[in-house]
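This is what each chain is made of:
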Amino acid sequence: ASAKEEEEQVAAVEAEKERVVSEASAKEEEEEVRFASTEAALKAEKERTAAARKEEEEEEEEEEDQVAAVEAEKKRAAAEASAKEEEGQVAAVEAAKERAAAEAAANEEDEERVAAIEAEKEDHAAEGAYSEAKKAYSGSPLIWSEHTNKNGKTFYYNKLTKESTWVRPLELGGDIGNEL
């Protein structure tokens, strides 16, 4: 009985040993599977994190590109507005120049009309003064002096009567009523 018991005990120990080894093996496999699963999960998480980071970087680059495009558009619009403003200022300056030239021409015409009227008045006054002076100083060229106005036209001044004329006096070899 003892050898049989001993064999049964050895078989039971062997069976227990096999069960424990099998259980340990199963636990080890289970741990390896869990480890592999955890490792796979960590790897997948790293990949998701890397993909998310890459996506964020791409979005940031896209935002930077959009900001740069907006800034470039602002600069272009500002340059265009500045150019239009300069064109407007140039046009305004040109228009002012044209107005000033027209006013100058009108003023010059007015001055010429006034000068013509004055000359006519002087001619009439000089003719009267000439007659009077002629009576008083007949034949004296010393009372007349010859001058040229700013337009290059010659006129004559009577020192005695303080009048001027466009007509050369007789004392200077002229003829009343005949313009030069």
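Residues numbered from 1 in each chain as written. Predicted model: local features only at pLDDT ≥ 70, side-chain atom pairs only at ≥ 80, totals over all residues. Heavy atoms only, no water.

(A) Structural view of the overall build of the protein. Regarding its fold elements, the protein presents one helix and three strands. N-terminal to C-terminal, the α/β element order of the protein is α-β-β-β. Looking at the protein as a whole, 11% of its 180 residues qualify as buried. In the protein, of all internal contacts separated by at least 6 residues, the share reaching a separation of at least 24 is 36%. With the model as given, the accessible surface of the protein reaches about 14400 Å², and the carbon-plus-sulfur share is 53%. (Helix = DSSP H or I, 4+ residues; strand = E, 2+ residues; numbered from the N terminus. Buried < 20%, exposed > 50% of the residue type's maximum accessible area, 1.4 Å probe, protein only. Contact = heavy atoms within 4.5 Å. Areas by Shrake-Rupley, 256 points an atom, 1.4 Å probe, with all protein chains shown as cover.)

(B) The packing of aromatic side chains, seen in detail. Summed over the entire model, instances satisfying the criterion amount to one aromatic pair. The interplanar angle of 75° and the centroid separation of 6.0 Å between the aromatic rings of phenylalanine 155 and tryptophan 166 together place this pair among those described as edge-to-face. In this pair, phenylalanine 155 sits in strand β2 (residues 154-158) while tryptophan 166 sits in the segment after β3 (163-165), placing the two residues 11 residues apart along the sequence. Among the residues examined, phenylalanine 155 registers a relative accessible area of 22% and is labelled partly exposed. Positioned over the ring face of tryptophan 166 is lysine 153, at 4.3 Å from the centre of the ring. (Phe/Tyr/Trp six-rings, centres within 6.5 Å; stacked < 30°, edge-to-face > 60°. Lys NZ or Arg CZ within 6 Å of the ring centre and 35° of its normal.)

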